[in-house]
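One-letter residues, chain by chain:
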Amino acid sequence: MRKPDILCIGAQKAGTTWFHVNFGARDDIWVPPFKELHYFDYHFAPDSVKWAPQHVNKGVKEAIRKHVAANADIDLDYIAYLIRIQGPQMFTRKWYREIFERVGDGQKSLDVTPEYSCISEEGVEFVRKFLPETQFLWFIRDPVARAISQIRMNLKRKAKVPETRAEWLRVAKQPVIEVRGDYANHVPLWRDAFDEDRLLFMPFGMISAAPEAFMARVETFLGLPPATYPNAAKKVHWAAEIAIPDYVRDYLTEATRSQRAFLETEFGREFCAQI
C-alpha cells in the first residue's frame, strides 16, 4: 500500500491551501479528496483528537457532494472509497495507507496538513521511521502576521468579534495561537530528524511576490519537471475583514519577538525578509 511521497507540514495560515490547490492540479501529483488528513497530529498533538474526526467526516461529505454535482454518471467505486475513509479504522496505519490507494502510475502523492509541524518529538521520530523516503515542505510566515491571520480565521468561525480590550487580549493569548507559530521549539525537531534533501523551508511572502519562482524551487527540490500554474497569482482564501486593534498587534509583536530572533538566526535575514 502507498504512503505519501510529499508532506506539506505547515505552517498554519502560511499558504498551504494555495499550495494544495495549485500544486495538486498537476497531472503528476495526486492529492486526497480533501485537504488535511490529520493522521500524525491525531496521535501526537493531543488537541487534535477532539476535532480531527469531525474534520475528516466533513471532508468526506463535501467530496461526495462535489462528485455528485459534477458527474452525471456517479462513480460508485469512488463513493465507496470515500465512505471507507469514515470507517471504524479511522486514523490507523492501515486507514492512512488506504487513502493513497488511488494514486496513479507516475504520480507522486501529497498530504497537506499544517498541524503536522506542531507534533511532539515522539511524533517526529515516528514520522521519520514510518516515512523513510518522503520529502517535507514547511512554509514560514512572519510570526505576527501569521498570528493575526489565525485570530481572524478563529473569530470568523465563531462569528463573534471581541468588544473589549480584555476580550481581545484573551483571544490573542489563546495557547493555540502560540503553539501554531512556535517555530523555535518545532523547527529544531524536524531539522534534527531530516537532512536538507528531505526537508525544504520556503518563505511565505514569496507566494505573492513571485509565485512561479516559489513553485520552481519546490519542483527542483522534489525532482519534478517544470509546470505551469495558471491560477498561482490568485488568492484561495480571502482574509476576514476584521480590524485588529493596535494594542493586540503590539502584544503579538512583543510575544513573538523571540520567534523572529530564532528565525533570523536559523535561516538568515535574507530569508526572513521574504516571510
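Here, every reference points to the structure presented above.
Predicted, not measured: the structure shown is a model, and the values here were computed from it.

1. Quick word on the packing of helix α1 (residues 16–23) against helix α12 (residues 211–222)
Reasoning step 1: Orientation of α1 relative to α12, taken along the N-to-C sense of each, is 70 degrees, at an axis distance of 12 Å. Relative to α12, the element α1 lies roughly perpendicular. Of α12, the residues touching α1 (which contributes Trp18, Phe19, Asn22 and Phe23) are Pro211, Phe214, Met215, Val218, Glu219 and Leu222.
Reasoning step 2: Looking at the contact of α1 with α12 residue by residue, the class counts come to eight nonpolar, one polar and one charged.

2. Topic: the packing of aromatic side chains
Reasoning step 1: Following the criterion strictly, the structure yields 26 aromatic pairs and no others.
Reasoning step 2: Summarising the aromatic geometry, the rings of Phe91 and Trp95 are spaced 4.9 Å apart at their centres and angled 50 degrees between planes, so their arrangement reads as tilted. The burial state of Phe91 is the same as that of Trp95; both residues are buried.
Reasoning step 3: With a centroid separation of 5.5 Å and an interplanar angle of 35 degrees, the aromatic rings of Trp138 and Phe201 are classed as tilted. Taken as a pair, Trp138 in strand β4 (residues 135–140) and Phe201 in strand β5 (residues 199–203) lie far apart in primary sequence, 63 residues in all. Of the two residues, Trp138 and Phe201, both sit in the buried class.

3. Describing helix α7 (residues 143–158)
Reasoning step 1: Between its first and last C-alpha, α7 extends 23 Å over 16 residues, near the 22 Å set by a 1.5 Å rise per residue.
Reasoning step 2: When we look at burial in α7, the residues that qualify are Pro143, Val144, Arg146, Ala147, Ile148, Ser149, Gln150, Ile151, Met153, Asn154 and Leu155.
Reasoning step 3: Taken together, the buried residues of α7 touch α8 (165–172), α9 (175–180), α10 (183–193), α13 (246–255) and α14 (257–267).
Reasoning step 4: Between the side-chain oxygen at the start of α7 and the backbone nitrogen of Val144 there is a gap of 3.2 Å, and the oxygen is on Asp142.
Reasoning step 5: Positive phi appears at Ala159, one or two residues downstream of α7, with a value of about 55 degrees.

4. Here's the deal with the pairing of β5
Reasoning step 1: The element β5 is largely enclosed, with a buried count of five among its five residues.
Reasoning step 2: Residues Leu199, Phe201 and Pro203 line one face of β5 and the alternating positions Leu200 and Met202 line the opposite face, and both faces are buried.
Reasoning step 3: Note that β4 and β5 share five bridges and pair parallel. Bridge pairing in β5 links Trp138 to Phe201.

5. A closer look at unusual backbone geometry
Reasoning step 1: In the segment running from Gly10 into Ala11, the intervening peptide bond is cis, with an omega of -5 degrees.
Reasoning step 2: Its location among the elements puts Ala11 in the loop between β1 (6–8) and α1.
Reasoning step 3: Located in the positive-phi region is His38, a residue other than glycine, with phi close to 65 degrees.
Reasoning step 4: One can find His38 in the loop between β2 (29–30) and α2 (39–44).
Reasoning step 5: When its relative accessible area of 0% is taken as the criterion, His38 is described as buried.
Reasoning step 6: At Ala159, a residue that is not glycine, the phi angle is positive and equals roughly 55 degrees.
Reasoning step 7: With respect to the element layout, Ala159 can be found in the loop between α7 and α8.

6. Considering a nonpolar patch on the surface
Reasoning step 1: A cluster of nonpolar side chains, namely Val68, Ile74 and Leu76, defines an oily patch on the protein surface of about 280 Å² accessible area.
Reasoning step 2: Inspection of the secondary structure puts Val68 in helix α3 (residues 48–70).

7. Here's the deal with the environment of Gly24
Reasoning step 1: Along the chain, Gly24 turns up in the loop between α1 and β2.
Reasoning step 2: The sequence separation of Gly24 and Gln259 amounts to 235 residues, and the corresponding C-alpha distance is 31 Å.
Reasoning step 3: If near-sequence neighbours (up to four positions away) are discounted, Gly24 is found in contact with Phe19, Ile29 and Val31.

8. Examining the sheet that holds strand β3 (residues 108–112)
Reasoning step 1: The sheet built from five strands is open, its strands ordered β2-β3-β1-β4-β5 with parallel pairing. If you trace the sheet from one side to the other, it starts and ends with β2 and β5, each paired once.
Reasoning step 2: Here β1 runs beside β4; their pairing, made up of three bridges, is parallel. Paired with Leu7 across the two strands is Phe136, which belongs to β4.

About the cut-offs
- Residues numbered from 1 in each chain as written.
- Predicted model: local features only at pLDDT ≥ 70, side-chain atom pairs only at ≥ 80, totals over all residues.
- Heavy atoms only, no water.
- Axes fitted to C-alpha atoms, helices over the stretch in contact; angles between N-to-C directions.
- Helix = DSSP H or I, 4+ residues; strand = E, 2+ residues; numbered from the N terminus.
- Parallel < 35°, antiparallel > 145°, perpendicular 65-115°, else oblique.
- Contact = heavy atoms within 4.5 Å.
- Nonpolar A, V, L, I, M, F, W, Y, C, P; charged D, E, K, R; others polar.
- Phe/Tyr/Trp six-rings, centres within 6.5 Å; stacked < 30°, edge-to-face > 60°.
- Buried < 20%, exposed > 50% of the residue type's maximum accessible area, 1.4 Å probe, protein only.
- Expected span 1.5 Å × (residues − 1).
- Polar contact = N/O pair within 3.5 Å; in protein donor to acceptor, adjacent residues only side chain to side chain.
- Pairing = 2+ DSSP bridges.
- Patch = residues over 30% accessible without salt bridge, like charges linked within 9 Å, V, L, I, M, F, W, Y side chains within 5 Å.
- Areas by Shrake-Rupley, 256 points an atom, 1.4 Å probe, with all protein chains shown as cover.
- Salt bridge = Lys/Arg side-chain N within 4 Å of Asp/Glu carboxyl O.

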